[in-house]
Structures are given as structure tokens and as C-alpha cells.
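Here is how the chains run, residue by residue.
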Amino acid sequence: MHATRPKISQTRALIRQLDESAANRIAAGEVVERPASAVKELVENAIDAGATRIRVDYAGGGKTLIRVTDDGCGMSAEDLPLAMSRHATSKIDGSDLLNIHTFGFRGEALPSLGAVGRLSISSRTESGDGAQIAVTAGRMEGVRPAGLNAGTVVELRDLFFATPARLKFMRTDRAEALAIADVLRRLAMAEPFVGFSLTDLDTGRAVLSLDSEQGELFDALEARLAQIMGREFTDNSLRLDTEREGVQLTGYAALPTYSRGSSVAQYLFVNGRPVRDKMLHGALRAAYSGVLPRDRHAAAALFLDCDPELVDVNVHPAKAEVRFRDPGIVRGLLVSGIRHALAEAGHRASGTVAAATLGAMRPEPSGPRIWQMDYASRPSFSSVQTAYAAQAPQTPTAEPPRHDADGVIEPQGFADAQTPFGAPAPYARIEPESGPTEAPLGAARAQVHENYIIAQTADGIVIVDQHAAHERLVYERLKRQIAQSGVKSQALLIPEIVPLSAADAQRLLDHAGALADLGLMIEAFGGDAVAVRETPAELGTVDARKLVLDILDELADQGDSGTLASRIDAVLSRIACHGSIRSGRQMRGEEMNALLREMEVTPLSGQCNHGRPTYVELKLSDIEKLFGRR
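Computed from a predicted structure; not experimentally measured.

### Here we look at the overall build of the protein chain
For the protein chain, the count of helices and strands is 19 helices and 26 strands. Here the protein chain, with 630 residues, has 44% of them falling under the buried criterion. Residue pairs at least 24 apart in sequence account for 67% of intrachain contacts in the protein chain once pairs closer than 6 positions are excluded. Per element, the accessible surface of the protein chain, about 33,200 Å² overall, is 52% carbon and sulfur.

### Focus on unusual backbone geometry
Not every positive phi belongs to a glycine, and Glu245 is a case in point at roughly 50 degrees. Tracing the sequence through the fold places Glu245 in the loop between β10 (237–244) and β11 (247–254). Residues other than glycine seldom take positive phi values, yet Asn271 does so here, at roughly 50 degrees. Tracing the backbone through its elements, the reader meets Asn271 in the loop between β13 (266–270) and β14 (273–275). Take Asn271: its relative accessible area is 30%, and that puts it in the partly exposed class.

### Description of the pattern of salt bridges
Going through the model one piece at a time under the given rule, you end up with 26 salt bridges. Glu141 is the partner of Arg144 in a salt bridge, and the nearest nitrogen-oxygen pair spans 3.7 Å. A relative accessible area of 37% places Arg144 in the partly exposed class. Assessed through its relative accessible area of 41%, Glu141 is described here as partly exposed. Across the pair Glu617 and Lys619 runs a salt bridge, and its minimum N-O distance is 3.1 Å. Given a relative accessible area of 31%, Lys619 falls into the partly exposed group.

### Observations regarding the sheet that holds strand β25 (residues 529–536)
On the basis of which strands lie adjacent, the open sheet formed by 3 strands has the order β23-β25-β24 and antiparallel pairing. On the outer flanks of this sheet lie β23 (489–499) and β24 (521–524), each paired with one strand and no other. The sheet shows a mean angle of 20 degrees between the axes of neighbouring strands, direction not considered.

### Digging into the confidence of the model for the protein chain
Of the residues in the protein chain, 75% have a pLDDT of 70 or more, and the chain-wide mean is 80. When mean pLDDT is taken per element in the protein chain, strand β1 (residues 53–59) scores highest with 97 and helix α12 (residues 381–391) scores lowest with 52. Between residues 366–377, whose pLDDT stays under 50, and residues either more than four places distant or in other chains, the model counts 3 contacts. Long-range and interchain partners of residues 408–425, a stretch whose pLDDT sits below 50, account for 21 contacts in this model, where long-range means more than four residues apart.

### Side note on the pairing of strand β16 (residues 300–305)
Of all 6 residues in β16, 5 are buried; the element is thus mostly enclosed. Bridge count between β11 and β16: 6 bridges; the pairing is antiparallel. Paired with Thr250 across the strands is Phe303, a residue of β16. Direction of pairing for β13 relative to β16: parallel, over a ladder of 5 bridges. Counted as the bridge partner of Gln266 is Ala300 from β16.

### Observations regarding the sheet that holds β16
In space, the 5 strands of this open sheet follow the order β10-β11-β16-β13-β14, with mixed pairing throughout. For this open sheet the edge positions go to β10 and β14, each flanked by a neighbour on one side alone. This sheet shows a mean twist of 20 degrees between the axes of neighbouring strands, independent of strand direction. Contacts from helix α7 (residues 217–229) reach β10, β11, β13 and β16 within the one sheet, and its direction differs from that of β11 by about 40 degrees.

### Examining the nonpolar core
A general trend in soluble globular proteins is that nonpolar side chains are found buried together. In this structure, Val43, Ile54, Leu198 and Met229 are the most contacted members of the largest nonpolar core, which totals 61 residues. Discounting residues that sit within four places of it in the chain, Val43 has contacts with Ile54, Val56, Val68, Leu184, Leu187 and Phe196. Residues Ala286, Leu302, Cys306 and Ile329 belong to the second largest nonpolar core, which totals 36 residues.

### Considering the packing of aromatic side chains
The tally for this structure, following the rule as stated, stands at 3 aromatic pairs. Seen from their ring centres, Phe218 and Tyr252 are 6.0 Å apart, and the 85 degrees between their planes marks the pair as edge-to-face. One end of the pair, Phe218, is in helix α7; the other, Tyr252, is in strand β11, with 34 residues separating them in the sequence. The buried category is assigned to Tyr252, whose relative accessible area is 3%. Look at Phe269 and Phe303: their rings are 4.5 Å apart centre to centre, the planes differ by 5 degrees, and that puts the pair in the stacked class. On the criterion of sequence distance, the pair formed by Phe269 in strand β13 and Phe303 in strand β16 is long-range, its members being 34 residues apart. Of the two residues, Phe269 and Phe303, neither departs from the other in class, the shared state being buried. Directly above the ring of Phe161 sits Arg118, whose terminal nitrogen or CZ lies 3.9 Å from the centroid.

What counts, and at which threshold
Residues numbered from 1 in each chain as written. Predicted model: local features only at pLDDT ≥ 70, side-chain atom pairs only at ≥ 80, totals over all residues. Heavy atoms only, no water. Helix = DSSP H or I, 4+ residues; strand = E, 2+ residues; numbered from the N terminus. Buried < 20%, exposed > 50% of the residue type's maximum accessible area, 1.4 Å probe, protein only. Contact = heavy atoms within 4.5 Å. Areas by Shrake-Rupley, 256 points an atom, 1.4 Å probe, with all protein chains shown as cover. Salt bridge = Lys/Arg side-chain N within 4 Å of Asp/Glu carboxyl O. Pairing = 2+ DSSP bridges. Axes fitted to C-alpha atoms, helices over the stretch in contact; angles between N-to-C directions. pLDDT = per-residue confidence, 0-100. Core = buried A, V, L, I, M, F, W, Y, C linked by side-chain atoms within 4.5 Å. Phe/Tyr/Trp six-rings, centres within 6.5 Å; stacked < 30°, edge-to-face > 60°. Lys NZ or Arg CZ within 6 Å of the ring centre and 35° of its normal.

Okay, structure coming up:
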């Protein structure tokens, strides 16, 4: 029994020339995927026309109405019918499809929109009269006079009414409206000197209102990004401006501690064109390897500019992807440019960490605030010092504790009186005042809970996670050793035997050469065990069995998809974790200050190997606000 093959007719099919209306509807399926696609095409036309102000209005999520108004150069009455013809454009002459300097160049957008909706265009040049033309489902009407200012107004109604099947695949009005807003934001980032506005006519709400920026390009770009991505992004990002072999990279890349749970805050542009390119996103991911965990994503707005002949923008129907003549140069520039900027940032961490800390510390208001005293009635400085001295805990002595009538030990000072007898007090050790408070991370003053270092700076305090900070320092030391001559190792007096499954032992032995470069020397010991003969000298005394098991976990997580360099970096991160100061270790004052000084000169010390902050800085002014002093 043979099944019918529906794609092949039983009789010989004839080749037919499709009429222009059908051809336009087919083309519209590629160019106009949803209302946001129509907005993109129309706004790009307005930018190409030299507009300085572009207004977009929509209704019904763009399915009912899209109206784009600009103050560009406009079109004459003679140009309007030609603009509605396929492959008619003023942007190229057809002789060179690589030397493209505009957003549009195919001449497909307007006839495609007219084929699937009700399209009308009103336009006027600076010195001519206004004119209007309308196209409904591919049927063009005659040109008639129209009154308007110089520029163009494009109005698209009832999108896809001529192809009802496409309407079934449209999402909700809200989802389509969000897509329109995203498209306009991306175009607005690429054109900071153009003003944009977006209005939802159903509610009358101004979704977006961006005035044209002034000044130098970087200043204008920073102001525009602050409006779209938020001031927190620009305050916690690094400025990029570098060039390699004719390709220039500019923009802003966020600090690793300012990361996101998804890639929604990654914006990439090639010659001013917003793109979603897998190679570029992969390069951005690689640039942050070693400072971000796999489940966190960097925030960035990056602009690549090069000779148009070095990139092909005609490889995607919606021009959302590009193809570089030499992608290796572009990838290398992006990775090295971001890593260099991160290294120059040194120990800097995101300011949002401190803001979140202060927010967690600030109590919720319960009723009207009542002040104990106003500023004028506060005690003098000398009175405060005297009060502090009277309330300070007494210095411990060797004399036995005093007991009251009930046999309970009497407290030795004010601080001790707050802790009930027998209750374990949290560990905290105060250091004598030593060290430079004018240093960026200040001078160590205390260690609390055997894990956090409290340092005093000139204008606040710094709280350091000693384990996370030292983990980053060890990681950077190991990376420097690998780059120079390999990680130094130390031989174990007695090799440690680590029992494993046969598969795990083989996986580890497959990477024995790379692990030897990292200072870990292993050998086969039977079929289901390995012998650890040397460990990295940087780690000191280490639990070799736990180190081997952690490395196995990392190799299993990486799989075979990652590059050798990425696998080595991941293993190196695990090794650094074993060599860092553990939580619960008491540190002397000189040790804490030495850690702070090394953090100040070590790149990327503001975050650990997993992208978490290593320290939080609180300004004195913010602390005083918590206590109502400001």
C-alpha cells in the first residue's frame, strides 16, 4: 500500500508567473512578521530620511493602527507611486550591494505593507506641496493633494486583513505592544541625536518619550542609555572605545556584579543597525567567563562599526543577522576589549550592592517618625566622647568573676549586660587602629562571625567577604602563573589514592596533561582509582580527594561542548576555591590589611569567581540616614 504524496500533483504541474499582488503578499510574509516588524521598517525609513523627531502611535497592539510621523526630507507627488512599487528605492543604485550605509535598501517594505493592510502615505518636501497616496490589499489609488508640514506620515490600518490566516498567529495586544516598544528602544539607542515618542492610542499613555540628545557622541549615548536601560546601568558599567584592524568597538559593558538572570539587557549594533547575532552574543558570553556563573548574564550596549564592505547585512529577511568577512577579528576585539576594561576597573564592584544592603537594613516605617532631639539640642562632641567612655565595656582582668546573691555571674560591662548568661555571643574581634583609612578599601578594624572583615575608609565602611575575596585573588594568581610558566606544584610525601568509578577515572586521566599544567599531577592506580602525587603549591595543605571530586564535577558540567580554555578556566576556579581562606578562620589585623591591599591592585577583585560581590561599601552619609542623623 502506497500513501498519497500531497506535495506532488498526479498531473504534471505548470510553472506560472504569479501576479504582483500575490508576490507582494508572499514578500510580506518574510519582511512583516508582526506589527513590530512594520514599525521597525517604517521607523528605519524615517531615520534614513534624516528625521530628527519621530513619533509612533499604535492601537490594538499595532494590529488596528500604526502611524509613524517624521520631519525628514519627505517625498514629492511624483515619488509616491514609485515608492509603492517593489524594489524601488532611493538608497542604492544596485551597482554595489556591499557598500550599504542606510537601514533600508531593498525597496520591499512599503509594497509589502500595502499588500496585507490598508496603507496611506502623506508626504511633503521642504519646497514642494503635500501629496497623499493609499494602497489597500495591493490596489493602489491615485495621488491626491494633502496638507501637512515637511516630512512624512505613514498610516497602516488593519494589518493582515488581506491575509486572515496570519491574524490567527498574532499574540495578544499587550504582547504585540511590548514588542513594538522593544523595537523602538533598540532603534533609539542607535540614534541618540534623534527624538522618539511612542503612544498607545487605546489608553492615551505615552509609552516612550525621548528627546534628542546633545553634545559629544559618548555623552549623548550615555544619556540615552540611562533613559532606556536605567541610570543604574550607566552608573555600574564601563565605557568601551577600542579598535582593531578597521573594526571599532564602542559602548558600555556592565560590571559583573551588575548581572541579570537572562540576556534581555544585551543590545548589539553593527554599523548602527540593531542585530541579534549568535556569534556576537557568544563572544560577549566568553568575555565574561571567569567572572559570571552560567546562570547569570551580562548587561551591555555595544556598537561595532566597520567599513560596510566588511560585513554583509543582506543575509536575513529582516536584516536581524549579519555576516562578517572575518568573524575572528570581531570576536577577538569584543572579548579582549571587555576583558581589558574589566581589568582596568580593578576592585570596583556594582553600586547596586550597597543600595540593596542599605535597603535591607532600613526598617519599615510604622507610624509617624518621632525624633528624640533635633540637631540644635544634640550633645557636644566632648559630651559624646565622655558618654562613650562611660558606657564602654571594661577591660577583662585576671580576677575571678563576681557572683550575686543568686549565684549568677555579674556582667563586667555594658555590652556584657545585653547577653544573657550561658548564651553564646556572636564572635567579633576588634583590631587596634592601624592601617591607611585613605586607601580605597580602608583599614581593617574588626572581623565578625569569623568570615567578614570590617574596614574603615575616609568616608564610610567596607564589609569584605574574606573567603570570596581571597578566592578571586588565588584565581588571578593561578592564571598569571599559567600564562608565565605553568602553576607551581608541591609533591606529596605520600600519594593520596582517590577511589573512583572506572568512567570517572578515565575522564580525569583524559585531562591529565591539562591538569598537570595546573599543578595537579595524577596517575592511574588500578582501573577504578587515581593517585594524586602533586598539588598546586599556591593551595598549601589541601584535601586532595575533595579537590579531585570537585574537578570531576566541573568537567562533567562542562561536557565536551566547551573549548579547552573554558574547561581549564572552570577547573582553575574550582582549584582556587580550595586554596582560599575558609569561612570560620580567624585572621590577624596584618592579614586582613594585606588582603585589602592585594584586592586594591588585583583586577576583578570586586567579584568572586561566581560573579558575587566580594565587598560592600557603605558611605557614612547613608549610614547616618539610617539612624535619622540626616
